[in-house]
Protein chains: 2
Amino acid sequence: MATLGDIGVSALINILSAFAFLLAFALLRIQPVNDRVYFPKWYINGGRTSPRGRGGNFVAKFVNLDFKTYLTFLNWMPQALKMSETELINHAGLDSAVFLRIYTLGLKIFVPITVLALLILIPVNVSSGTLFFLRKELVVSDIDKLSISNVRPESIRFFVHIGLEYLFTFWICFMLYKEYDTVATMRLHFLASERRRAEQFTVAVRNVPQIPGHSIADSLDHFFKTNHPDTYLCHQAVYNANKFARLVRKRDRLQNWLDYNQLKFERHPEKRLTKKIGFLGLWGERVDSIDFYKQQIKEFDKQMELERQKVLKDSKSILPVAFVSFKSRWGAAVCAQTQQSKNPTLWLTNWAPEPRDVYWRNLAIPFVSLTIRKTIISISVFALVFFYMIPIAFVQSLANLEGLERVAPFLRPVIELGFIKSFLQGFLPGLALKIFLYILPTILMIMSKIEGHIAISALERRASAKYYYFMLVNVFLGSIVTGTAFQQLHSFLHQPPTQIPRTIGVSIPMKATFFITYIMVDGWAGIAGEILRLKPLVIFHLKNMFLVKTERDREKAMDPGSVDYPETLPSLQLYFLLGIVYAVVTPILLPFILVFFAFAYLVYRHQIINVYNPQYESGAAFWPHVHSRIIASLLISQLLLMGLLSTKKAANSTPLLVVLPVLTLSFHKYCKSRFEPAFRKYPLEEAMAKDLMDQTTEPDINLKAFLADAYLHPIFRSFEEEELVEVRVDKVRVDRHQTYAENAQTRDDLSSSPPHYVHQPTSPPQHSYQPASTPQDVYHHGIAPQYEYNSSSLHYGYHYDAETWTSRD
Amino acid sequence: MATLGDIGVSALINILSAFAFLLAFALLRIQPVNDRVYFPKWYINGGRTSPRGRGGNFVAKFVNLDFKTYLTFLNWMPQALKMSETELINHAGLDSAVFLRIYTLGLKIFVPITVLALLILIPVNVSSGTLFFLRKELVVSDIDKLSISNVRPESIRFFVHIGLEYLFTFWICFMLYKEYDTVATMRLHFLASERRRAEQFTVAVRNVPQIPGHSIADSLDHFFKTNHPDTYLCHQAVYNANKFARLVRKRDRLQNWLDYNQLKFERHPEKRLTKKIGFLGLWGERVDSIDFYKQQIKEFDKQMELERQKVLKDSKSILPVAFVSFKSRWGAAVCAQTQQSKNPTLWLTNWAPEPRDVYWRNLAIPFVSLTIRKTIISISVFALVFFYMIPIAFVQSLANLEGLERVAPFLRPVIELGFIKSFLQGFLPGLALKIFLYILPTILMIMSKIEGHIAISALERRASAKYYYFMLVNVFLGSIVTGTAFQQLHSFLHQPPTQIPRTIGVSIPMKATFFITYIMVDGWAGIAGEILRLKPLVIFHLKNMFLVKTERDREKAMDPGSVDYPETLPSLQLYFLLGIVYAVVTPILLPFILVFFAFAYLVYRHQIINVYNPQYESGAAFWPHVHSRIIASLLISQLLLMGLLSTKKAANSTPLLVVLPVLTLSFHKYCKSRFEPAFRKYPLEEAMAKDLMDQTTEPDINLKAFLADAYLHPIFRSFEEEELVEVRVDKVRVDRHQTYAENAQTRDDLSSSPPHYVHQPTSPPQHSYQPASTPQDVYHHGIAPQYEYNSSSLHYGYHYDAETWTSRD
């Protein structure tokens, strides 16, 4: 076991490496050449157009020569704190602002707890001195002398620990309540103060029934005109363009290669580049690269043309899903919250996510398969969490040296070298595990995608939940109880339920040193690494070197990314868990967590202000999860303390703790009913108030024009204008086409069928509508992925380009 | 252990007693004097007015002299089957019809299972013959030779059992799916074909915020006019009349005593009756009974007058609860399913129960206390289920003979007599348990009431769930595993989770004989007792003798009651559990269950047609519970079979069973999403269709008149007409009173406050409204509980009298 000295050394190493990262960051960030890596948010916001050191000579464009700035290299910290929360919400959205509040919540919770625990518990534990006298023969760590292990069994001092556990629980619940209240208010205020946005008027309808002889569009129109006669406005059909999107993605990759080759050719015109056309360019006929890629792109263009025609003409490409828009927010709120049809699996309505938040690919999933998909994924997650070691062990057994030699006999002489062999033998088995852990978030994200959620924000929340389970079982429990998760599961199944908290509880104080080291490595040094952005830095410069031809290319290469919630939230919650569990057990761990929260707060505040560009705005929809997982941590800590105390023979005091979980659970239930609806539903009062406000401020807004192509698959933005009008909301200007007469005919048929049409909608369908401002005139850019589209009907100041939506698939 | 012979004797006894009950019933039911006990439903429906044998002499009015009818004494059975299901729904409501479907579902599930199990499993088990050869020294029951116990460990025959478990699970799920589908369709069809009813237009709003300076009525009007401008019609305030109701109940009891004394005096005018006025009439001054009760009633009338004034005038008696009515079903459906306010704990909307289904007393419970109440009751139910033996043992230890002698020393000589002493010592300890079990349903009902549900149907469903848990733990598990529930809980907590199914599974086959006996006693003889209606029979004749003066009194004494769902449903579900668990273990038990289902079906069909008068109509709202409890039985049976097989060392075959619970759970999830919304929500499509139908058939119905006093606390029906108009919906005819001017003033103030009133409701509040038909003119009956009120505005053909609503409190 580690002594205090060991911990000090470890702390020193980690602090030094953190400082090294910070220093590197401080040096790199003031170099103009890195400006787009460390301040992309300002480029996107339009605050900057080119690196700062723009005056001066050629060198000054790439390297900072102003030596005064090197002296103040830590000044990003106060700068990061300058922006107020309101400015932050305007600058980066509510999600980011509330994400930062998790760190301040951590500080608010743990600062008083740390002070109290250190002042009260350390003296109580140290003066007990069991470990000094009773177990001199054991190697006892210094940390243990400060922990609950040092208290004599059956000691009356345990009442201090129990009292503090009560106090801490109440304090944490109080802070959680206040924070939930604040966040819910912030969310409602944010939603109330938003500009008019398409998703406020729109509902996503899934599982539209296919009635033979009627098109989906007709069924939709008929159904909503009947059941929401006063509020229904129009709908946007959803086309299955997944195959087309795949083609675009592939073509894009070819274009990149072409660009790369052309650039290389321009720089060295004397050398024609060639490539082999076989597998991975390893064999086959050698051809001219530029010609090859040009030829390939030409073929792809032909294929895409065919596929585009198919999407547009084939009625099967219209999915039984639609975005239905209403005349008022009230109408949309009503439709989203009510059951529409007698058959509760048809006409499923839900709030539409923001257009940029829609995960288009999942809209094509037939509804019937959703239950099956969810079941399968639940089982897979369970298996992944508890049995993930099995396939890895299998791969490890394959990827040993003998296997390698059999596959690649020519490597044998190299492998047989002594030091390389031992290196590989030590390295290969670990490699499989490392690769697995590196791709784990991707696996979890793919699993969430299979579950079929249609919003990226929902996908990230689900992936984050899965990652949390994994961390809880494999990092927290796995570190405390030895053996793999599978072995734990096995032993838990064969232990009485009352024994489990004891087994875990007993080992908890012993693992404090491990977790302190973990916090320093993962928390301190890891966060310092986060600010350095090493991967984006390298990728940006590589792209800059090989692909960038124009200023727009450089902007594309900038890739600010957004906060990686699926990974960040669960690890953050792990720190809450550690802090809460160890608060009464080994309070010396708390200061380390405090440092983490404070430092991570600064770093993420800086990143959010200067780097990240949120992909979507969910209005802090993740907060209920954060809340309930901190509650879960509380429950875990109470159970484990009970287990720990019962092994300490503190039988008289343990029952006192039984009340706590019950109280905590009721508190959670209360919070759930008090605050959660604010995150799941949209109150009619709110909707009506905003509607009325709109009516007074802008009485004659043309909502249909506003919604015209808000929910168009981004793929269609690359289509010709002629084709575009066909797929837009309600086929505006459909009168240009011969289909109009048929359409009108069908609708008249429907409307004459009694008794459904007694409630006639007050305004007739606006077939002959002409939008006030016609952004369509700008659209002539073909299918090239770098088109120029930035009309007023795009409400997000967000650049829809091919890369954005293809990267989502 | 019981042999087949023992079971035969037990069966004989039970069959004989069942026949005795049936014979008694057959004789009693054809006596004219009992007609109102055995055919009350027909009196209520108006099908009968006086007993059948009306011609003939005086004796024939009381005793059936037509001896031919005695020969056909079992003809109620075919009669009970004659009525078709549609007629049954019209006659007794959907609840009753669907309740009977549970029995037919039992038959449909178990008939094929019984045939298969007996044909396949009995030969497989018997031919194994382990018990014959291996354990001759043990006393083995004959039943065991037919059960799975007889199969040799590690035998390959267990695959037959596993295969059948799979087959049975699929069969049961298939039947459950079909049945859920049918019931959901029946429910929707029933709701669609209902006449116009108040609850279709009405929503119960709880937790209306109290704004200082505004009355609740004003806040309500303002809120709903703003947020539901097109559909809001009016609201009915709820008055806290609980105290007044208590007074009426007490006065009613006095009136009964007065009636009794007067009747006695009329019959024997020579004897003036006297009573002592002290405690329980045991001591105190002796006074004339009739004068005494008359005097008492007079005092009560004064008190009630005061209380009535208080209810009417005191603004505090208006609760923050209201029944809000809408112009259309669509409007009500929207309001019931959406969140109204930013603060999700305010303005809580839910479907209003039927007026006769409202449990008025719980409307006065403040909303904040509901979470706490629910938590406390959950804990209490848990304690009641697992620790109920503790208080009973305590009472038993007090209620022994020594205690009795100390309290009543004069009984000592009697108690000291040998045979009485031994009788009491054997009897007293059991008495406490018997009393507890007898009052258990009442206790559970009180617990449900404390939880604060506002509909009687919901209360009964909750009580039924609690009773089910009690039965599951104390009857099913308690019989299988020895020891009290508390001891079981203790041992389960200290056993590994995998050990529990083993412990229970092993004892299951051994308890088959016990459960066969249980089915015969509780199922066969108990159901035969049900048809006899011994308690109502006795009470009716007692009332007839001592209280009945007029024909209306006789009608009141008739008390048909309704099906006792809180007790019947859980015991029914226990039979499903037994059948499913024993289907593969001891199939010989199945025929006994089949007999129960068939017999109980006949009996309840008869009772529902001829006796019971449902207190409410919930539209089969209990079905999701029935469904999910049968699913739970399936899961239990699978787990126990796994446990049983693992003790049989059938290690190779046991893992095959693991798939089953997963499949069953997914099936349950699917059914939940597919059918449950039909029982919880009201689809807008349906609401709109009914609205449109109404508009075409009755375009100018006055809905406000229709809803005028539908949701008036029944207490107010005893008020004077002058006072009644004050409390009725929206204070119709409020212009008669001086309050009108103030009221109008307040409303104008509200309506002029921008910006909330831009959406003006299309129709102005109808202050000067005069109902087309004025049922109010009938109302002059004072506060006497037997008033004559049966106007057209009472939509239920249901007799609201003092007894009905006081018995609910």
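Here the structure is a predicted model, which is why all the values come from computation and not from measurement.

The helix and strand tally for chain A stands at 35 helices and six strands. A total of 809 residues make up chain A; the buried ones form 54% of that total. Sequence separation of 24 or more characterises 81% of the internal contacts of chain A that already satisfy a separation of 6 or more. In the form shown here, chain A has an accessible surface area of approximately 35900 Å², with 64% of it arising from carbon and sulfur atoms.

Take the interface of chain B and chain A next. The parts lose accessible area when they come together, and the size of an interface is often stated as this lost area. Between chain B and chain A, the contact holds 49 residues from the first and 49 residues from the second. Between chain B and chain A, roughly 4300 Å² of surface is buried when both sides are summed, and carbon and sulfur atoms account for 64% of that area. Counting the surface chain B buries against chain A, the share from its top three residues, Gln 339, Lys 342 and Glu 685 of chain B, is 14%. Between chain B and chain A we count two salt bridges in total. With a shortest N-O distance of 3.7 Å, Glu 686 of chain A and Lys 342 of chain B are connected by a salt bridge. Taken together, the connections running from chain B to chain A amount to 13 residue pairs in polar contact (both at pLDDT 80 or more). Contributing elements (two or more residues each) for the side of chain B that touches chain A: α11 (216–227), α14 (329–337), α15 (369–387), α21 (485–493), α29 (659–675) and α31 (684–697) of chain B. Looking at which element gives the most residues to the side of chain B that touches chain A, the answer is α31 of chain B, with seven residues. Classifying every residue of the side of chain B that touches chain A gives 23 nonpolar, 21 polar and five charged.

Once that is clear, we can look at the packing of aromatic side chains. Here the structure, examined in full by the defined rule, presents 72 aromatic pairs over all chains. Taking 5.9 Å as the distance between ring centres and 55 degrees as the angle between the ring planes, the aromatic pair formed by Phe 515 of chain A and Tyr 582 of chain A counts as tilted. Note that Phe 515 of chain A is positioned in helix α23 (residues 512–532) and Tyr 582 of chain A in helix α26 (residues 565–585), a separation of 67 residues in sequence. The exposure class of Tyr 582 of chain A is buried, given its relative accessible area of 0%. Measuring from centroid to centroid gives 5.4 Å for Trp 351 of chain B and Tyr 682 of chain B, while their planes differ by 80 degrees, and the two rings are edge-to-face. In this pair, Trp 351 of chain B is assigned in strand β6 (residues 348–351) and Tyr 682 of chain B in the loop between α30 (677–680) and α31, connecting sequence segments 331 residues apart. Trp 351 of chain B gets classed as partly exposed once you look at its relative accessible area, which sits at 23%. An aromatic cluster is present here, built from Phe 99, Tyr 103, Phe 110, Tyr 565, Tyr 575, Phe 576, Phe 596, Phe 597, Tyr 604 and Phe 622 of chain A joined pairwise through their rings. The ring of Tyr 468 of chain A has Arg 629 of chain A sitting right over it, with the charged end atom 5.2 Å from the ring centre.

This brings us to helix α24 (residues 534–546) of chain A. Residues and elements named next belong to chain A. With 13 residues, α24 should reach 18 Å at 1.5 Å per residue; the first-to-last C-alpha distance of 19 Å fits that figure. Within α24 the residues assigned to the buried category are Leu 537, Phe 540 and Asn 544. Down the axis of α24, the smallest arc covering the buried residues is 70 degrees, so these residues share one side.

Take the relation of the copies chain B and chain A next. For the pair chain B and chain A, the superposition axis carries a translation of 0.1 Å, the fit reaches an RMSD of 0.1 Å, and the rotation angle comes to 180 degrees. Both chain copies can therefore be described as sitting about a two-fold axis. Residues of chain B ranked by C-alpha distance from the rotation axis are headed by Pro 496 of chain B, positioned 1.8 Å from it. Of the residues that chain B buries at the interface, 100% are likewise interface residues in chain A, meaning the two copies contact each other through the same surface.

This brings us to α29 of chain B. Between its first and last C-alpha atoms α29 of chain B spans 24 Å; for 17 residues at 1.5 Å apiece the expected length is 24 Å, and the two agree. Along α29 of chain B, the residues that are buried comprise Leu 660, Pro 661, Thr 664, Ser 666, Phe 667, His 668, Cys 671, Arg 674 and Phe 675 of chain B. On its buried face, α29 of chain B is in contact with α15 (369–387) of chain A together with α10 (158–193), α28 (623–647) and α30 of chain B.

Core analysis: the largest hydrophobic core is formed by 298 residues, its most contacted members being Phe 99 and Phe 476 of chain A together with Phe 99 and Phe 476 of chain B. Among residues more than four places away in sequence, those in contact with Phe 99 of chain A are Val 563, Tyr 565, Thr 568, Leu 569, Leu 572, Tyr 604, Ile 608 and Phe 622 of chain A.

Attention shifts here to the sheet that holds β6 of chain B. Think of a sheet as strands paired side by side through backbone hydrogen bonds, with each pair either parallel or antiparallel. All names here are of chain B. Pairing is antiparallel in the open sheet, where four strands are placed in the order β2-β5-β1-β6. Edge strands, defined here as strands with exactly one partner in the open sheet, are β2 (232–239) and β6. The average undirected angle you get between the axes of adjacent strands in this sheet is 30 degrees. For strand β1 (residues 202–206) and β6, the ladder comprises four bridges, and the chain directions are antiparallel. If you follow Val 203 over to β6, its bridge partner there is Trp 351. Set on the sheet, α14 makes contact with β1, β5 (318–326) and β6; between it and β6 the angle comes to about 130 degrees.

This next bit is on the sheet that holds strand β6 (residues 348–351) of chain A. Residue and element names in this part refer to chain A. Taken in spatial order, the four strands make up an open sheet running β2-β5-β1-β6, and their pairing is antiparallel. With one partner strand each, in any of the chains shown, β2 (232–239) and β6 form the two edges of the open sheet. Taking each pair of neighbouring strands and ignoring which way they run, the sheet shows an average axis angle of 30 degrees. Set on the sheet, helix α14 (residues 329–337) makes contact with β1 (202–206), β5 (318–326) and β6; between it and β6 the angle comes to about 130 degrees.

Before going further, it helps to examine the environment of Lys 704 of chain B. Examined against the element boundaries, Lys 704 of chain B turns out to sit in helix α32 (residues 703–707). A residue is classified by how much of its surface remains accessible, and Lys 704 of chain B, at 6% relative accessible area, is buried.

The axes of two packed helices give the description: the angle between them and the distance between them. Residues and elements named next belong to chain B. Close contact between α28 and α29 brings their axes to 10 Å; oriented N to C, the two are set at 175 degrees. Our classification of the angle between α28 and α29 gives roughly antiparallel. When α28 is examined against α29, the residues His 627, Ser 628, Ile 631, Leu 634, Leu 635, Gln 638 and Met 642 are found in contact with a partner set consisting of Leu 660, Pro 661, Thr 664, Leu 665, Phe 667, His 668 and Cys 671.

This next bit is on a nonpolar patch on the surface. Residues and elements named next belong to chain A. A cluster of nonpolar residues, Val 111, Val 115, Leu 116, Leu 119, Ile 120 and Leu 167, forms a patch on the protein surface that exposes about 480 Å² of accessible area. The greatest single-element share of the nonpolar patch, amounting to five residues, is contributed by helix α7 (residues 94–128). Along the chain, Leu 167 falls in helix α10 (residues 158–193).

To continue, consider the pattern of salt bridges. Inspection of every chain in the model, using the stated rule, returns 34 salt bridges over all chains. When the shortest N-O distance is used, the salt bridge between Arg 329 of chain A and Asp 691 of chain A registers 3.3 Å. Separated by 362 residues along the polypeptide, Arg 329 of chain A in helix α14 and Asp 691 of chain A in helix α31 (residues 684–697) bring together distant segments of the chain. As far as the burial class goes, Arg 329 of chain A and Asp 691 of chain A line up, both buried. In this structure, Asp 694 of chain B engages Arg 329 of chain B in a salt bridge whose closest nitrogen and oxygen atoms are separated by 3.3 Å. With a gap of 365 residues between them, Asp 694 of chain B in helix α31 and Arg 329 of chain B in helix α14 connect regions that are remote in the sequence.

Residues and elements named next belong to chain B. Phi at Asn 207 is positive, roughly 55 degrees, even though this residue is not glycine. Looking at the secondary structure, you find Asn 207 in the loop between β1 and α11. Look at Ala 620: it is not a glycine, yet its phi comes out positive at around 60 degrees. Mapped onto the secondary structure, Ala 620 falls in the loop between α27 (590–610) and α28.

Among covalent bonds in proteins, the disulfide is the one between the sulfur atoms of two cysteines. Residue and element names in this part refer to chain B. Following the criterion strictly, the structure yields zero disulfides over all chains and no others. With no disulfide of its own, Cys 234 lies 13 Å from the sulfur of Cys 335, the closest cysteine sulfur. Under the relative-accessibility criterion, Cys 335 is labelled buried at 0%.

Here we come to the side chain of Thr 226 of chain A. Inspection of the secondary structure assignment puts Thr 226 of chain A in helix α11 (residues 216–227). There is a polar contact of 2.6 Å between the side chain of Thr 226 of chain A and the backbone oxygen of His 222 of chain A.

A regular strand places its side chains on the two faces of the sheet in alternate fashion. Residues and elements named next belong to chain B. Burial along β1 is two-sided: Thr 202, Ala 204 and Arg 206 and Val 203 and Val 205, pointing in opposite directions, are all buried. Note that β1 and β5 share four bridges and pair antiparallel. Looking at β5, one finds that Thr 202 is bridged to Ser 325.

Attention now moves to the confidence of the model for chain A. All names here are of chain A. Scored by pLDDT, chain A comes out at a mean of 76, with 75% of its residues at no less than 70. Per-residue pLDDT stays below 50 along residues 133–139; that stretch engages in four contacts with residues further than four places along the chain or on separate chains. Predicted confidence is poor over residues 730–809, with pLDDT under 50, and the contacts of this stretch with residues over four places away or in other chains come to 146 contacts.

All names here are of chain A. Within the secondary structure layout, Tyr 38 lies in helix α2 (residues 35–38). A relative accessible area of 0% places Tyr 38 in the buried class. If near-sequence neighbours (up to four positions away) are discounted, Tyr 38 is found in contact with Phe 25, Leu 28, Arg 29, Ile 531, Leu 532, Arg 533, Leu 537, Asn 610 and Val 611.

So, how was this worked out
- Residues numbered from 1 in each chain as written.
- Chains lettered and ligands numbered in written order.
- Predicted model: local features only at pLDDT ≥ 70, side-chain atom pairs only at ≥ 80, totals over all residues.
- Heavy atoms only, no water.
- Helix = DSSP H or I, 4+ residues; strand = E, 2+ residues; numbered from the N terminus.
- Buried < 20%, exposed > 50% of the residue type's maximum accessible area, 1.4 Å probe, protein only.
- Contact = heavy atoms within 4.5 Å.
- Areas by Shrake-Rupley, 256 points an atom, 1.4 Å probe, with all protein chains shown as cover.
- Buried area = accessible area lost by both parts, 1.4 Å probe.
- Salt bridge = Lys/Arg side-chain N within 4 Å of Asp/Glu carboxyl O.
- Polar contact = N/O pair within 3.5 Å; in protein donor to acceptor, adjacent residues only side chain to side chain.
- Nonpolar A, V, L, I, M, F, W, Y, C, P; charged D, E, K, R; others polar.
- Phe/Tyr/Trp six-rings, centres within 6.5 Å; stacked < 30°, edge-to-face > 60°.
- Lys NZ or Arg CZ within 6 Å of the ring centre and 35° of its normal.
- Expected span 1.5 Å × (residues − 1).
- Arc of directions from axis to C-beta.
- Least-squares fit on C-alpha atoms with pLDDT ≥ 70 in both.
- Core = buried A, V, L, I, M, F, W, Y, C linked by side-chain atoms within 4.5 Å.
- Pairing = 2+ DSSP bridges.
- Axes fitted to C-alpha atoms, helices over the stretch in contact; angles between N-to-C directions.
- Parallel < 35°, antiparallel > 145°, perpendicular 65-115°, else oblique.
- Patch = residues over 30% accessible without salt bridge, like charges linked within 9 Å, V, L, I, M, F, W, Y side chains within 5 Å.
- Disulfide = S-S within 2.5 Å.
- pLDDT = per-residue confidence, 0-100.

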